[in-house]
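What follows is each chain in one-letter form.
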Amino acid sequence: MVLPIMPDLQQILIARLQTAVAAAFGDAYAKVDPLVRLSAQAQFGDYQANLAMSLSKQVNAKPRDVAGKIVEALSLHGDDDIFAKIEIAGPGFINLHLTDAFLSQQLNAMASDAEGRLGVPKASPPLTVVVDYSSPNVAKEMHVGHLRSTIIGDSIARVLEYQGHKVIRQNHLGDWGTQFGMLIEHLIEKGLKDAELGDLTSLYQEAKRRFDAEPDFSRRARKRVVSLQGGDEETLSVWRRLVEASATYFQRVYNRLGVLLEPTDIRGESFYNDRLAPVMESLQKAGLLSESEGATVVTPPGFMGKDGEPLPMIVRKSDGGFLYATTDLAGGTFRVKELGASRVIYVTGAPQAQHFAMVFAVLKMMGVGEGVKFEHVPFGSVLGPDGKVFKTREGNTVRLEDLIQEAEERAAKVIAEKNPDLPAEERTKIAHAVGIGALKYADLSSDRIKDYIFDWDRMLAFDGNTAPYIQNAFVRVHGIFRKGNVDPASLGDKTIVIAEPAEHALALKLLQLPSVIESVAQSLEPHRMCTYLYETAAAYHKFFETCPVLTAPNDATRWSRLRLSAVTAATFKLGLGLLGIETIERM
Ligand code: ARG
């Protein structure tokens, strides 16, 4: 029998079941979804097929009888090479136990993948995908929400890129708007317009304090906005310096975080300034504009305000100023028409969900992007241990650089305790990987839509669903290679033979990699990768405890287990890499 080269177990099992269903009930049923799922517990087999219950109504028979017929057909087709045992349980669940031989074969194919992709297929055809993420604001406070967007967006971009899509990263910097008035005015009045600018946080706070406390200042700040929009040269030059200074600051943060954004990915709001009038024109032509209390609005159907009335989206204020929404209409148009995107992804906090839903609806009404998929990827807030929005002890917004610094320092402490003999230089390198890894993983590992509690001790723990736990499993594998003097790259001709239950369980996890990557790409939920890596690391520890590697009973087993370990390490490296997290060989 010829098996697919790419080891996607789920696909193989679906095909087998569909053939069996067709044999048992006729070709009309050849396309039913056999509802193949991983079993929650080994006693229920490796996989379950749960179709008998729903099929029973269609074929007018009892679920258990339906299951019996399917199982009979499965066996009749000589599938013993795949199934070690097939059982019917409960109302009609079909429990599928796979053979060690089948898993071995699939795993060897995965290990020998000529392109080193561990069986992960390339998207065909590849799409052009825009991922809009990070997108902080120049003259507003940068908050941990931007950290979430940065980390989640980066992982999504990496996953899609790995699949072979053409990913265009867009950092939609908030580099335009009324907030600049007070900052520019403050800088000019304090004679600071040529001074070295830092991360702007404290400047912002000062300017804001004055804006709130000094009516005269706030009046001058408002006038400054008018000068900015009117193109006044002095004002514009201070604006440019502010944008440059903060772009430099953001880039420093991205580099330290190992986030793949580059200066060339910045296409801030100001970029769209001269594209706003054309947007208004096409809205006008499409007959979508109306007036509401002096403002110009679009009212896409299906959106209600709190009062139950249709909810308008303002695209031009009564004073003529354009809004965030107008820019997003211009941005969406640009991304489809000029960047050629067929999937456009926006990673921002959940409070913007309605904004994006309306923008997408209006874009469709404008006829932008037939067949283009616009997606908002919302996420919850970062909370402090007290369950309130995460702040410093003094109650200020947390500066990202301080956060990074603290992550590295805490990780260094943890590493020093674990392994006091490490040379300082190596410790710094490891602490960087572990600290940043922990920070990112904590953000990525929970369902993104939920809020999560920022907790240093938990994220840096070596137990549990954390980055250090998985990085440590990788270290364990490399420990074996070092101890046995084995070069993992030299294992290419060794055959994996699955024989023990712990090997079986590990193999099953490893073979899920392609479908996990695909599910992250579709759902845009990186936590699925985290859960997968966590379970795989747990399966590896189990294997390590029950199956001696270097002291295996014979040579063939030793090589098999070494290669199995190498595939596991490669899986961690790839999986963590797609989360933007580094692996280290010792810690
Ligand atoms: N700058 C915005 C904020 O801080 C996020 C921008 C997201 N992207 C977009 N195209 N609107 O909330």
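What this report covers is the structure whose coordinates are included nearby. None of the values given here were measured: they were computed from a predicted structure.

1. Here we look at the overall build of the protein
Reasoning step 1: Within the protein, the regular secondary structure consists of 20 helices and 13 strands.
Reasoning step 2: When the 587 residues of the protein are sorted by exposure, 54% land in the buried category.
Reasoning step 3: Within the protein, contacts between residues separated by at least 24 positions form 72% of all contacts whose residues are at least 6 apart in sequence.
Reasoning step 4: Summing over all exposed atoms, the protein offers an accessible surface of approximately 26,400 Å²; the carbon and sulfur share of this is 52%.
Reasoning step 5: Taken as two groups, the 65 positive and 73 negative side-chain charges of the protein have centres that lie 1 Å from each other.

2. What about the pattern of salt bridges?
Reasoning step 1: Applying the stated rule across the entire model yields 25 salt bridges.
Reasoning step 2: In this structure, the salt-bridge partner of glutamate 233 is arginine 240, at a minimum N-O distance of 3.7 Å.
Reasoning step 3: Among the residues examined, arginine 240 registers a relative accessible area of 37% and is labelled partly exposed.
Reasoning step 4: Salt bridges linked by common partners bring Glu185, Glu189, Arg210, Glu214, Arg220 and Arg224 together as one network.

3. Concerning the packing of helix H14 (residues 424-444) against helix H16 (residues 467-483)
Reasoning step 1: Interaxial distance between H14 and H16 falls to 8 Å at its minimum, and their mutual angle equals 130 degrees. Judged by the angle between their axes, H14 and H16 are oblique. Of H16, the residues touching H14 (which contributes Ala433, Val434, Gly437, Ala438 and Tyr441) are Ala467, Pro468, Ile470 and Gln471.
Reasoning step 2: A breakdown of the residues in the contact of H14 with H16 according to their chemical character gives seven nonpolar, two polar and no charged.

4. What about the site of the ligand?
Reasoning step 1: The immediate surroundings of the ligand are formed by Asp132, Ser135, Asn137, His146, His172, Tyr324, Asp328, Tyr346, Thr348, Gln352 and Phe356.
Reasoning step 2: The separation between a nitrogen atom of the ligand and a polar side-chain atom of asparagine 137 is 2.7 Å.
Reasoning step 3: The contact in question runs from an oxygen atom of the ligand to an N or O atom on the side chain of histidine 146, over 2.8 Å.
Reasoning step 4: Relative to its free-state accessible area of 350 Å², the ligand is covered by the protein chains to the extent of 90%.
Reasoning step 5: Listed by contribution, the elements that provide at least two residues to the shell around the ligand are helix H11 (324-337) and strand E10 (343-349).

5. A short note on the sheet that holds strand E6 (residues 166-170)
Reasoning step 1: Taking strand neighbours across the sheet as the criterion, the four strands line up as E6-E5-E10-E11 in an open arrangement whose pairing is parallel. Looking at which strands have only one partner, the edges of the open sheet turn out to be E6 and strand E11 (373-379). The mean inter-strand angle of the sheet, taken between neighbouring strand axes irrespective of direction, is 20 degrees.
Reasoning step 2: Taken together, the five bridges between strand E5 (residues 128-132) and E6 define a ladder with parallel strand orientation. Note on E6: the bridge partner recorded for valine 130 is isoleucine 168.

6. As for the side chain of arginine 169
Reasoning step 1: With respect to the helices and strands, arginine 169 occurs in strand E6.
Reasoning step 2: Judged by relative accessible area, arginine 169 falls into the buried class, the value being 8%.
Reasoning step 3: Looking at arginine 169, its side chain comes within polar contact range of the side chain of tyrosine 133, at 3.2 Å.
Reasoning step 4: A distance of 3.1 Å separates the side chain of arginine 169 from the side chain of glutamate 161, its partner in a polar contact.
Reasoning step 5: With sequence-adjacent residues up to four places away left out, arginine 169 is seen in contact with Val131, Tyr133, Asp154, Ala157, Arg158, Glu161, Leu260, Leu261 and Asp265.

7. A look at the environment of valine 167
Reasoning step 1: For valine 167, the position within the fold is in strand E6.
Reasoning step 2: For valine 167, a relative accessible area of 12% translates into the label buried.
Reasoning step 3: As a C-alpha pair, valine 167 and alanine 341 span 174 residues in sequence and 9.0 Å in three-dimensional space.
Reasoning step 4: Aside from chain neighbours lying at most four places away, what touches valine 167 is Val129, Val131, Ala157, Leu160 and Glu161.

8. Remarks on the nonpolar core
Reasoning step 1: Counting residues in each nonpolar core, the largest one holds 157 residues, and the members touching the most others are Leu55, Ile70, Leu98, Val131, Leu242, Leu403 and Met529.
Reasoning step 2: Tallying contributions element by element places helix H9 (residues 233-257) first for this core, with eleven residues.
Reasoning step 3: Setting aside its immediate chain neighbours within four residues, leucine 55 contacts Val21, Phe25, Tyr29, Val32, Val66 and Ile70.
Reasoning step 4: Counting 32 residues, the second largest nonpolar core, distinct from the first, contains Tyr272, Leu329, Val368 and Val372.

9. Comments concerning unusual backbone geometry
Reasoning step 1: Of note, the bond from serine 124 into proline 125 is cis; its omega dihedral lies within 30 degrees of zero at -5 degrees.
Reasoning step 2: We note that asparagine 485 has phi near 60 degrees; this positive angle belongs to a residue other than glycine.
Reasoning step 3: Relative to the assigned elements, asparagine 485 resides in the loop between H16 and helix H17 (501-510).
Reasoning step 4: Among the residues examined, asparagine 485 registers a relative accessible area of 74% and is labelled exposed.
Reasoning step 5: The phi dihedral of leucine 524 is positive, around 55 degrees, even though this residue is not glycine.
Reasoning step 6: Along the chain, leucine 524 turns up in the loop between helix H18 (513-523) and helix H19 (527-546).

10. What about helix H4 (residues 100-111)?
Reasoning step 1: Its twelve residues give H4 an end-to-end C-alpha distance of 16 Å, which sits within 8% of 16 Å, the value for a rise of 1.5 Å per residue.
Reasoning step 2: Looking only at H4, the buried set comprises Phe102, Leu103, Ser104, Gln106, Leu107, Asn108, Met110 and Ala111.
Reasoning step 3: Looking at the buried positions of H4, the neighbouring elements they touch are helix H1 (9-25), strand E4 (93-98), H17, H18 and helix H20 (555-578).

11. A short note on the side chain of serine 39
Reasoning step 1: Inspection of the secondary structure assignment puts serine 39 in the loop between strand E1 (36-38) and strand E2 (47-49).
Reasoning step 2: Looking at serine 39, the relative accessible area reads 14%, which means it is buried.
Reasoning step 3: There is a polar contact of 3.4 Å between the side chain of serine 39 and the backbone oxygen of tyrosine 47.

12. Description of the packing of aromatic side chains
Reasoning step 1: This structure, assessed with the given rule, holds 14 aromatic pairs.
Reasoning step 2: A ring pair is formed by tyrosine 272 and phenylalanine 334, whose centres lie 5.9 Å apart and whose planes are at 75 degrees; its orientation type is edge-to-face. Here tyrosine 272, found in the loop between H9 and helix H10 (276-285), pairs with phenylalanine 334, found in helix H11; they are 62 residues apart in sequence, far enough to count as distant. In this structure, tyrosine 272 and phenylalanine 334 share a single accessibility class: buried.
Reasoning step 3: Ring centres 5.9 Å apart and planes at 35 degrees place the aromatic pair phenylalanine 356 and phenylalanine 360 in the tilted group.

The rules we used
Residues numbered from 1 in each chain as written. Predicted model: local features only at pLDDT ≥ 70, side-chain atom pairs only at ≥ 80, totals over all residues. Heavy atoms only, no water. Helix = DSSP H or I, 4+ residues; strand = E, 2+ residues; numbered from the N terminus. Buried < 20%, exposed > 50% of the residue type's maximum accessible area, 1.4 Å probe, protein only. Contact = heavy atoms within 4.5 Å. Areas by Shrake-Rupley, 256 points an atom, 1.4 Å probe, with all protein chains shown as cover. Lys, Arg positive; Asp, Glu negative; His and termini not counted. Charge placed at Lys NZ, Arg CZ, Asp CG, Glu CD. Salt bridge = Lys/Arg side-chain N within 4 Å of Asp/Glu carboxyl O. Axes fitted to C-alpha atoms, helices over the stretch in contact; angles between N-to-C directions. Parallel < 35°, antiparallel > 145°, perpendicular 65-115°, else oblique. Nonpolar A, V, L, I, M, F, W, Y, C, P; charged D, E, K, R; others polar. Near = heavy atom within 4 Å. Polar contact = N/O pair within 3.5 Å; in protein donor to acceptor, adjacent residues only side chain to side chain. Pairing = 2+ DSSP bridges. Core = buried A, V, L, I, M, F, W, Y, C linked by side-chain atoms within 4.5 Å. Expected span 1.5 Å × (residues − 1). Phe/Tyr/Trp six-rings, centres within 6.5 Å; stacked < 30°, edge-to-face > 60°.

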